[in-house]
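Observations on the model geometry
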Amino acid sequence: MINLNHKQARSGIKKRWIFYLLLFLGVLALVFYIFIVLPRQQWQLIIEAQEHEEVIYAIPVVKGDVFQLSYQHSVSKQDVSGEFKITDSGRIKPLATFFDSFGPGLPDLDGSVKVEIANGNFVVYHEEKPRQDIGLFVAPLTKDRLYIHDQEYDLTDYASEPILLKIFVSIP
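Before going into details, it helps to say that this report is about the structure given with it. Quick caveat, the model's predicted, so the values are computed rather than measured.

Side note on the sheet that holds strand β11 (residues 163-170)
A sheet is described by the order of its strands in space; here four strands give the open sequence β2-β1-β11-β8, paired in antiparallel fashion. With one partner strand each, in any of the chains shown, β2 (54-61) and β8 (133-138) form the two edges of the open sheet. Between one strand axis and the next, the sheet turns through 20° on average, direction left out of account.

Below you can see the structure in the form of structure tokens.
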């Protein structure tokens, strides 16, 4: 039979505690790395030239971000803008359209939409469901722009002629 003295028996317990302590610290470091250090993939608002299947802009966004699309109306020569929100599911919800005079392609104020007058502009509030993407024809003549996070993105700089853009949220 093997006889262990008191010091030899404690040595095994001490080694086990060190093993569990190191295991705990390793798991803690792994959790820290996964949740804190690992770069999180962000959603991106993608503006793509459909015909060329080329991404013009990829803008980091998060749930709840609001962006505006603005253009100069070809008839009235006044700015028209629309406001959109990124939903929790990564879809795009139309919120409102802002304009100061009527023209072709603008909402009719026939009572079917909620309208307000604010700062000399008509504000038409939309009750539409969120959508997967927005298809938008842009042209140098109309000076289309996108505003988000206090930044302006020129949508007509890409081509010298009218072009169809697709705007959507890319979720990794």
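Considerations on the pattern of salt bridges
Counting across every chain of the model gives three salt bridges. Asp79 is paired through a salt bridge with Arg145; the nearest N and O atoms lie 3.5 Å apart. Here Asp79 is found in strand β4 (residues 79-86), whereas its partner Arg145 is found in strand β9 (residues 145-148), with 66 residues between them in sequence. Asp133 is the salt-bridge partner of Lys166, the closest N and O atoms lying 4.0 Å from each other. Here Lys166, found in strand β11, pairs with Asp133, found in strand β8; they are 33 residues apart in sequence, far enough to count as distant.

A look at the side chain of Asp144
In this fold, Asp144 is placed in the loop between β8 and β9. Despite its burial, Asp144 remains without a salt bridge, the nearest opposite charge being carried by Arg145 at 7.0 Å. With near-sequence residues (within four places) excluded, Asp144 lies in contact with Ser70, Tyr71, Phe137, Val138, Ala139, Tyr153, Asp154, Leu155 and Thr156.

Notes on the pairing of β11
The sheet contact formed by strand β1 (residues 43-49) and β11 spans six bridges and is antiparallel. Within β11, the position partnered with Ile46 by the bridge is Phe168. Across six bridges, the pairing between β8 and β11 is antiparallel. Looking at β11, one finds that Leu136 is bridged to Leu165.

Considering the nonpolar core
In terms of nonpolar packing, the biggest core is built from 23 residues, with Leu45, Phe67, Leu69 and Leu146 touching the most fellow members. Broken down by secondary-structure element, the contributors of at least two residues to this core are β1, β2, β3 (66-72), β4, β8, β9 and β11.

Thresholds, definitions, all that
Residues numbered from 1 in each chain as written. Predicted model: local features only at pLDDT ≥ 70, side-chain atom pairs only at ≥ 80, totals over all residues. Heavy atoms only, no water. Pairing = 2+ DSSP bridges. Helix = DSSP H or I, 4+ residues; strand = E, 2+ residues; numbered from the N terminus. Axes fitted to C-alpha atoms, helices over the stretch in contact; angles between N-to-C directions. Salt bridge = Lys/Arg side-chain N within 4 Å of Asp/Glu carboxyl O. Buried < 20%, exposed > 50% of the residue type's maximum accessible area, 1.4 Å probe, protein only. Lys, Arg positive; Asp, Glu negative; His and termini not counted. Contact = heavy atoms within 4.5 Å. Core = buried A, V, L, I, M, F, W, Y, C linked by side-chain atoms within 4.5 Å.

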